[in-house]
Amino acid sequence: MAKTMIKYEDGSEWNQTLVPDELKSFFARPGTYDAYDCFYNLVDKDGNTQVSVKYEIKEDYISNMSFLNKDDKCIPMVEDFINQLNPGHISNIDYAISEDGIYYVGMDSIKRASENGIRFDKVYMKESFAISKEGKLYVGDEEIKHAYMNNVKFDDIRMKENEYCDYEDNVYALAEDGTLYINEDEIKNIPDDVVLKDVFIADCSISEWNHKVTRTFYAHYTPLETIGPNAEFGGYVIIRNTPLSDKIGMYVIETPEEKQAFMDAIKSMNSKQEHTPEHAPEPEEETRSMSM
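Note that the coordinates shown come from a computational prediction; the quantities given were computed from them, not determined experimentally.

Asks: Please explain the overall build of the protein chain as it appears in this structure.
Replies: In terms of helices and strands, the protein chain carries eight helices and 22 strands. The 292 residues of the protein chain split such that 43% are buried. Of the contacts formed within the protein chain by residues at least 6 apart in sequence, a portion of 28% connects residues at least 24 apart. Only carbon and sulfur atoms are counted for the fraction: they give 47% of the accessible area of the protein chain, which is about 16700 Å².

Asks: How do you make sense of the environment of K259 when you look at a structure like this?
Replies: Checked against the element boundaries, K259 lands in helix 7 (residues 256-274). Linking K259 and F233, residues 26 residues apart in sequence, is a C-alpha distance of 7.6 Å. Beyond its immediate stretch of four places on either side in the chain, K259 contacts F233, G234, G235, I253 and E254.

Asks: So what exactly am I meant to see when it comes to the packing of aromatic side chains here?
Replies: In this description, an aromatic ring pair is defined by two values, namely the gap between the centres and the angle between the planes. A full pass over the atoms with the stated rule returns 13 aromatic pairs. Considering the side-chain rings of Y172 and F200, the 6.1 Å spacing of their centres and the 10° angle between planes classify their relative orientation as stacked. A residue pair is termed long-range when its members are at least 10 positions apart, and Y172 in strand 13 (residues 172-175) and F200 in strand 15 (residues 196-200) qualify at 28 residues. Among the aromatic residues, those joined into a cluster by ring pairs are W14, Y40, Y55 and F81.

Asks: Looking at this structure, how should I read the pattern of salt bridges?
Replies: Where charged atoms of side chains with opposite charge meet at close range, the side chains can pair. Summed over the entire model, instances satisfying the criterion amount to twelve salt bridges. Between K197 and D155 there is a salt bridge, with its nearest N and O atoms 3.3 Å apart. Pair noted here: K197 is in strand 15 and D155 is in strand 12 (residues 154-158), with a separation of 42 residues, a long-range link. Between R215 and D156 there is a salt bridge, with its nearest N and O atoms 2.9 Å apart. With R215 in the loop between strand 17 (212-213) and strand 18 (217-218) and D156 in strand 12, this residue pair connects regions lying 59 residues apart in the sequence. We classify D156 as buried; its relative accessible area is 12%. When salt bridges that share partners are traced, they join D156, R158, D198 and R215 into one network.

Asks: How should the pairing of strand 1 (residues 3-7) be read in this particular structure?
Replies: For a regular strand, side-chain orientation follows a simple rule: the groups alternate between the two sheet faces. In this sheet, strand 2 (residues 13-18) lies alongside strand 1 in antiparallel orientation, the contact comprising four bridges. Within strand 2, the position partnered with I6 by the bridge is W14.

Asks: Which parts of the structure should I look at to understand the side chain of T222?
Replies: Mapped onto the fold, T222 is located in the loop between strand 18 and strand 19 (226-227). The buried category is assigned to T222, whose relative accessible area is 5%. Looking at T222, its side chain comes within polar contact range of the main-chain oxygen of A219, at 2.7 Å.

The rules behind each value
Residues numbered from 1 in each chain as written. Predicted model: local features only at pLDDT ≥ 70, side-chain atom pairs only at ≥ 80, totals over all residues. Heavy atoms only, no water. Helix = DSSP H or I, 4+ residues; strand = E, 2+ residues; numbered from the N terminus. Buried < 20%, exposed > 50% of the residue type's maximum accessible area, 1.4 Å probe, protein only. Contact = heavy atoms within 4.5 Å. Areas by Shrake-Rupley, 256 points an atom, 1.4 Å probe, with all protein chains shown as cover. Phe/Tyr/Trp six-rings, centres within 6.5 Å; stacked < 30°, edge-to-face > 60°. Salt bridge = Lys/Arg side-chain N within 4 Å of Asp/Glu carboxyl O. Pairing = 2+ DSSP bridges. Polar contact = N/O pair within 3.5 Å; in protein donor to acceptor, adjacent residues only side chain to side chain.

In short, the description is geometric, and any link to function would need to be established separately.
Here it is, written out as structure tokens:
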């Protein structure tokens, strides 16, 4: 039995349907035992479903949102519903959460909010996006490139397809002061005293790192081998498939305990290198010196 949650003047309404216990195993996702605990539907005055939502109560997670009608008139109703539900995360749609906790759904709504001076705390988009220090949102590679060329300072950035760089994969570093470095040469020449917020250098040729990174550091599939004395890591670290990960036996570093173990392993490795002679005499050389 569907329960009405929100009703609108045009006859549309949001209703909720709980999955009966005897059917939960039927709705469970493949490979898991979790079930979609609850369905929500936006129906029009004739009872036709416009938007369908699958929500996992235990995980506080909208795992799927399907728009059966692409009419933009649904968007305000979807935002109304999401702001009442206040989920922890939403899968498969573009959305943003403002600094005061308001959800905006869809690229057009997010852009409009940004143009109206709304500042975002979190943004989730399928396309590349960047947010300036002033709170302006840039969507897509071309907008980000134009802003970069005009020396815009950024507060956040997520680059999906870095077409204007010289490398096939995303290579960028965002400094705490908002400066964006977008190719390998720029990153290699970052001054030592610059503190970075986010770094993505996967699949490039950087083999040494000596900077503080306050949030994310992605360096998988690189020849990364050395961590310098200035390096610190405050957030998520991925070094899978690197000489460094082979040496210390760590690949993904996330928890405080893992970060401490990671830094301890780096210190131990650097200490051993300091005490290793740069050049040990060859056996023949040593024999000659003894015979003399």
